[in-house]
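Each chain is listed here by its residues.
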Amino acid sequence: MPSSSRSAKDFFAPLAVGAPAPVREVPARPSRAIHFFDPSNEKMAAKIPQMVGTVDVLLGNLEDAVKADNKLAAREGLVRIGRDTDGLGGPGGTTQLWTRINSLDSPWALDDLTTLVPAIGHRLDVIMVPKVQGAEDIHYVDRLLAQLEARAGLERPILVHAILETARGVANVEEICGASPRMQGLSLGPADLAADRRMKTTRVGGGHPGYLVRQDPPTSADGAADVGADRTTYQQDLWHYTIARMVDACAMHGIYPYYGPFGDIADVVACEDQFRNAFLLGCVGTWSLHPKQIAIANKVFSPSVEDIRHARRVVAAMGDGTGAVMLDGKMEDDASLKQCLVLVDLAEELAAIDPELKKQYDAIEEG
Ligand SMILES: CC(=O)SCCNC(=O)CCNC(=O)[C@H](O)C(C)(C)COP(=O)(O)OP(=O)(O)OC[C@H]1O[C@@H](n2cnc3c(N)ncnc32)[C@H](O)[C@@H]1OP(=O)(O)O
Ligand SMILES: O=CC(=O)O
Ligand SMILES: [Mg+2]
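Residues numbered from 1 in each chain as written. Chains lettered and ligands numbered in written order. Predicted model: local features only at pLDDT ≥ 70, side-chain atom pairs only at ≥ 80, totals over all residues. Heavy atoms only, no water.

### Let's talk about the overall build of the chain
If you tally the helices and strands in the chain, you get 13 helices and twelve strands. A compact globule built from 367 residues should have a C-alpha radius of gyration of about 21 Å, and the chain, at 22 Å, falls within 12% of that. Referenced to the eigenvectors of the C-alpha coordinate spread, the extents of the chain come out at roughly 80 × 55 × 45 Å. Looking at the chain as a whole, 48% of its 367 residues are labelled buried. Contacts spanning at least 24 positions in sequence make up 73% of the contacts within the chain whose residues lie at least 6 apart. Split by element, the accessible area of the chain, about 17800 Å² in all, is 53% carbon and sulfur. (Helix = DSSP H or I, 4+ residues; strand = E, 2+ residues; numbered from the N terminus. Rg over C-alpha atoms; globule rule 2.2 N^0.38 Å. Buried < 20%, exposed > 50% of the residue type's maximum accessible area, 1.4 Å probe, protein only. Contact = heavy atoms within 4.5 Å. Areas by Shrake-Rupley, 256 points an atom, 1.4 Å probe, with all protein chains shown as cover.)

Here's what the structure looks like:
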């Protein structure tokens with residue numbers, strides 16, 4: 001039952017006469033990397049046509065990281081790219097086209113929506129809304145999009161993705177996810193969230209060496225603790241709590257969770273670790289801020305050949321899917337089978353759009 005102020009019977013009704021019918025199920029389209037670009041940056045914009053087909057999602061960013069003086073140029077640049085780029089966005093697109101609009105309290109958000117939907121609404125797959133505080137923000141966008149879609153004669157609804165980057169947004173995460181059938185997913189916004197929570201960090205995502213636990217001190221023969229002794233410390237994940245909440249809220253509402261930005265572009269190793277933590281916890285993808293983060297995201301958010309080999313063995317060993325069996329000294333049953341099916345299904349979805357991955361997964365059967 002969706003947590004919305006609308007009754008269950010009205011939940012899937014269009015919000016404006018002539019608007020397309022809302023989706024009943026959010027399409028599971030691969031979106032391992034949501035690659036951000038600034039459409040007002042001519043060098044970046046020029047690279048977009050050749051990036052189609054090399055990344056699951058291209059996102060024209062209009063919000064933070066676009067200078068205030070360039071907001072109009074970014075919006076217009078995105079309209080041009082959406083209109084003129086083959087294979088980008090819409091039902092037949094090989095790469096999805098998303099945008100991140102400006103925040104709803106900014107001077108730009110209204111014009112972002114009223115410009116983009118009539119101009120390139122047929123190409124736009126998902127609109128990312130930043131700094132979402134509660135269901136009321138989604139309801140506002142939901143109704144406005146329905147009106148704009150009706151006026152533009154669009155045949156399919158544009159989906160909505162919220163960034164979780166305020167304390168109130170985190171507190172309201174379940175109602176945000178259930179606020180509209182348009183809700184496609186959520187991304188973690190660690191930079192704004194850190195500021196809003198008054199965390200004492202200065203980074204865009206990732207860990208912090210000060211957030212750690214330390215091994216207990218050794219004790220001497222008389223039982224005294226030697227607190228000055230060298231002790232191993234273990235850096236902890238600042239984002240574990242929020243990602244886990246986000247994953248549960250998304251799973252409950254049948255929508256998709258994503259990690260967000262990793263700002264240390266040079267540290268490709270820690271970036272991969274952060275992405276993998278999110279993947280293992282249930283996220284389906286992440287943002288990419290720089291071209292070199294696309295390959296990292298594609299690698300991490302595609303199940304490994306080893307995992308698929310194992311998952312297929314469990315599926316085969318479990319026969320009709322009930323009971324318990326032993327495989328390599330380990331017990332497998334209905335629950336581990338379900339985990340394996342998550343991986344096998346994901347591999348099939350990815351293989352359908354990624355020929356290189358398909359070759360690797362197909363080779364498992366031969367080998
Ligand atoms: C907290 C948040 O809100 S995060 C989301 C908002 N932030 C963003 O969207 C940032 C997007 N990324 C960027 O702006 C840039 O990648 C930066 C500023 C991080 C680094 O930019 P640069 O210093 O130019 O990077 P670098 O010199 O390595 O770029 C190499 C090439 O890749 C291009 N490039 C860099 N980033 C991108 C991108 N995101 N998309 C496409 N091309 C890009 C550059 O234009 C450059 O092209 P060139 O070889 O023709 O000169
Ligand atoms: O928008 C992203 C963030 O981390 O803030
Ligand atoms: Mg932000």
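### Digging into the state of the cysteines
Per the stated rule, a full pass over the model turns up zero disulfides. Cysteine Cys-271 is unpaired, with the sulfur of Cys-283 as its nearest cysteine sulfur at 13 Å. Residue Cys-271 is classed as buried on the basis of its relative accessible area of 1%. Residue Cys-283 stays outside any disulfide, its sulfur separated by 7.9 Å from that of Cys-250, the closest cysteine. We classify Cys-283 as buried; its relative accessible area is 3%. (Disulfide = S-S within 2.5 Å.)

### Describing the site of ligand 1
Around ligand 1 sit 16 residues in total, of which His-35, Phe-36, Lys-47, Leu-289 and His-290 are the nearest. A distance of 2.8 Å separates a nitrogen atom of ligand 1 from a polar atom in the backbone of Phe-36. The separation between an oxygen atom of ligand 1 and a polar side-chain atom of Lys-43 is 2.8 Å. Here ligand 1, which alone exposes 960 Å², has 61% of that area covered by the protein. Mapped by element, the contributors of at least two residues to the shell around ligand 1 are strand E1 (33-37) and helix H1 (42-51). Per-element tally for the shell around ligand 1: the top contributor is H1, with three residues. (Near = heavy atom within 4 Å. Polar contact = N/O pair within 3.5 Å; in protein donor to acceptor, adjacent residues only side chain to side chain.)

### Brief notes about helix H12 (residues 334-351)
Relative to the 26 Å expected for 18 residues at 1.5 Å per residue, H12 spans 25 Å between its end C-alpha atoms, a close match to the ideal helical length. The distance from a side-chain oxygen at the start of H12 to the backbone nitrogen of Ala-335 is 3.0 Å, and the residue carrying that oxygen is Asp-333. (Expected span 1.5 Å × (residues − 1).)

### Side note on the site of ligand 2
Near ligand 2 you find Arg-100, Glu-165, Gly-189, Pro-190, Ala-191, Asp-192, Pro-261 and Trp-287, and these make up its full shell. Within the backbone of Pro-190, a nitrogen or oxygen atom sits 3.1 Å from an oxygen atom of ligand 2. Residue Asp-192 places a main-chain N or O atom 2.8 Å away from an oxygen atom belonging to ligand 2. Relative to its unbound accessible area of 190 Å², ligand 2 is 93% covered by the protein chains.

### Let's talk about the UniProt feature "binding site: Mg(2+)" (unreviewed entry) in the chain
Mapped onto this structure's residue numbering, the UniProt feature "binding site: Mg(2+)" (unreviewed entry) falls at Glu-165 and Asp-192. Across 28 residues of sequence, these annotated residues stay compact in space, with a maximum C-alpha separation of 5.3 Å. Note that Glu-165 resides in the loop between strand E5 (159-164) and helix H5 (167-171). Since its relative accessible area comes to 4%, Glu-165 is described here as buried. Positionally, Asp-192 belongs in helix H7 (residues 190-197). In this view, Asp-192 contacts Asp-64, Lys-131 and Glu-165; residues no more than four positions away in its chain are not counted. Polar side-chain contacts of Asp-192 include one of 3.1 Å to the side chain of Lys-131. (UniProt positions renumbered as here; feature names shortened; annotations may be inferred.)

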